[in-house]
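# Coordinate analysis (summary)
Each chain is listed here by its residues.
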Amino acid sequence: VAEGRLFVTTQGGTVHCFGTDETEPVDRPIAATLEPFPQDALSPVYAAAAEDLLQLSGVSKGYCIVLGGGSGRLAYELASRSELRIVCITVDAAETALTRRALSNTPFYGSRLTVAHPAPDDRSLPVPDYCANLIVCDAATAKGTLPVDSEDIIRILRPYGGTICVGQPAIAPTRLDANALCSWMPRSSELTVDVTRERGTWARAVRGALPGARNWTHQYGSAA
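Residues numbered from 1 in each chain as written. Predicted model: local features only at pLDDT ≥ 70, side-chain atom pairs only at ≥ 80, totals over all residues. Heavy atoms only, no water.

### Section: the nonpolar core
- One finds Cys64, Val66, Leu74, Leu78, Ile86 and Val136 to be the most contacted residues of the largest nonpolar core, which totals 27 residues.
- Elements supplying a minimum of two residues to this core: helix 1 (43-57), strand 3 (63-67), helix 2 (73-81), strand 4 (85-89), strand 5 (113-116) and strand 6 (134-137).
- The element that contributes the greatest number of residues to this core is helix 1, accounting for six residues.
- Excluding anything up to four places from it in sequence, Leu78 contacts Ala50, Leu53, Leu54, Cys64, Val66, Ile86 and Val136. (Core = buried A, V, L, I, M, F, W, Y, C linked by side-chain atoms within 4.5 Å. Buried < 20%, exposed > 50% of the residue type's maximum accessible area, 1.4 Å probe, protein only. Helix = DSSP H or I, 4+ residues; strand = E, 2+ residues; numbered from the N terminus. Contact = heavy atoms within 4.5 Å.)

### Let's talk about the sheet that holds strand 7 (residues 163-169)
- Within the open sheet, the seven strands sit side by side as 5-4-3-6-7-9-8. Their pairing is mixed. With one partner strand each, in any of the chains shown, strand 5 and strand 8 (191-196) form the two edges of the open sheet. Taken pair by pair, the neighbouring strands of this sheet meet at an average axis angle of 15°, ignoring direction.
- The sheet contact formed by strand 7 and strand 9 (residues 200-207) spans seven bridges and is antiparallel. (Pairing = 2+ DSSP bridges. Axes fitted to C-alpha atoms, helices over the stretch in contact; angles between N-to-C directions.)

### A look at helix 2
- Of all nine residues that make up helix 2, seven are buried, and the element is covered over most of its length.
- Every buried residue belonging to helix 2 is among Arg73, Leu74, Ala75, Tyr76, Glu77, Leu78 and Ala79, and all of these are buried.

### Some thoughts on the packing of helix 1 against helix 2
- Closest axis-to-axis distance for the helix 1/helix 2 pair is 9 Å, and the angle between their directions is 55°. Classed by the angle they form, the pair helix 1 and helix 2 counts as oblique. For the crossing formed where helix 1 meets helix 2, the hand is right-handed. Where helix 1 abuts helix 2, its residues Ser43, Tyr46, Ala47, Ala49, Ala50, Glu51, Leu53 and Leu54 lie against Arg73, Leu74, Glu77, Leu78 and Arg81. (Parallel < 35°, antiparallel > 145°, perpendicular 65-115°, else oblique. Left-handed = near helix turned anticlockwise from the far one by under 90°.)

Here it is, written out as structure tokens:
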């Protein structure tokens with residue numbers, strides 16, 4: 001209920017709006033679009049980046065966090081090529097509104113693709129602990145820039161295979177400094193980090209077991 005109107009949604013995805021004034025019903029169908037962004041110089045860059053990320057990480061299902069989400073183009077390309085459920089983290093409220101508007105008519109938005117940004121006074125990412133199968137960065141792909149810090153990434157990266165993959169493809173218009181990328185990657189005894197220039201400049205970190213974790217040895221045992 002808002003501004004004197006009642007909004008009702010259905011399981012089929014239809015949204016009804018009821019008001020107090022008598023009026024003729026208006027039907028506003030929304031057609032899904034597979035081309036939410038214009039074809040420009042960055043189109044092949046984002047397409048190549050998505051292909052590289054999926055190949056290098058080996059992750060195509062689960063939850064993906066896109067840092068420095070920009071306009072949502074990397075998030076969209078990943079959603080188009082995988083079964084990932086993607087949370088695109090934007091920088092501020094204005095960028096969030098623009099990104100949501102661009103993605104709102106795509107078949108992925110609201111089901112496998114969402115857009116969020118941290119509260120102004122909150123330095124932590126707006127996602128739960130240990131949830132991310134894959135963490136990537138849009139700003140690094142398009143602009144060659146990295147997020148301010150990587151302190152909160154370890155908190156959200158799942159153990160046993162959670163992967164951070166950040167960089168840019170060989171056809172990117174800017175150049176990401178490989179040394180800066182290595183310095184930015186989080187440091188932890190749980191992470192195995194490597195850098196590759198085979199498909200551009202990419203750094204990948206894979207998380208192993210949590211400290212103190214061990215295999216359970218009695219899963220086939222009985223009460224005796």
